Amino acid sequence: MHKIEKKIILDKESPIFTAKADGNNICVEYKTYLDNYIILCAKFLSVVGASITKVELSLNMLNGELLKNISDDCVLLSFNI
């Protein structure tokens, strides 16, 4: 988790900690515009964090496939030594 995520999402005074769960629904009450802004920032940070994780996984998969192709082809292997 990035430092900014910890500051916004895990802040003890965050309106996220006032959430009330009722079955499958979660209701976050906010009293001010700032509370709403913090909740929206937390949502977007979660989406961006998940996207970054997916990109890292994709790059690792591509890198692994490239290394496999290099090791299978003697000509490519000789160029990359």
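Bear in mind the structure is a predicted one, so any value in this text is a computation, not a measurement.

As for the overall build of the chain
Looking only at helices and strands, the chain has three helices and two strands in total. N-terminal to C-terminal, the α/β element order of the chain is α-β-β-α-α. Going through the 81 residues of the chain one by one, you find that 10% of them count as buried. Relative to all contacts within the chain whose residues are 6 or more apart in sequence, the contacts with residues 24 or more apart total 30%.

Quick word on a nonpolar patch on the surface
A cluster of nonpolar side chains, namely Y33, L34 and Y37, defines an oily patch on the protein surface of about 410 Å² accessible area. Following the sequence through the fold, Y37 ends up in helix α2 (residues 33–72).

Details of the side chain of D35
Structurally, D35 is set in helix α2. Despite being buried, D35 has no salt bridge partner; K31 is the closest side chain of opposite charge, sitting 6.5 Å away. What D35 contacts, discounting residues up to four positions off in sequence, is P15 and Y30.

Details of the confidence of the model for the chain
Per-residue confidence for the chain averages 77 on the pLDDT scale, and 84% of its residues sit at or above 70. Averaged over each element, pLDDT in the chain is lowest for helix α3 (residues 74–79) (63) and highest for α2 (83).

Some words on the environment of E13
With respect to the secondary-structure elements, E13 resides in the loop between α1 (3–9) and β1 (20–22). The exposed category is assigned to E13, whose relative accessible area is 73%. Between the C-alpha atoms of E13 and D35, which are 22 residues apart in sequence, the distance is 9.9 Å.

Each value, and the rule that gives it
Residues numbered from 1 in each chain as written. Predicted model: local features only at pLDDT ≥ 70, side-chain atom pairs only at ≥ 80, totals over all residues. Heavy atoms only, no water. Helix = DSSP H or I, 4+ residues; strand = E, 2+ residues; numbered from the N terminus. Buried < 20%, exposed > 50% of the residue type's maximum accessible area, 1.4 Å probe, protein only. Contact = heavy atoms within 4.5 Å. Patch = residues over 30% accessible without salt bridge, like charges linked within 9 Å, V, L, I, M, F, W, Y side chains within 5 Å. Areas by Shrake-Rupley, 256 points an atom, 1.4 Å probe, with all protein chains shown as cover. Salt bridge = Lys/Arg side-chain N within 4 Å of Asp/Glu carboxyl O. Lys, Arg positive; Asp, Glu negative; His and termini not counted. pLDDT = per-residue confidence, 0-100.

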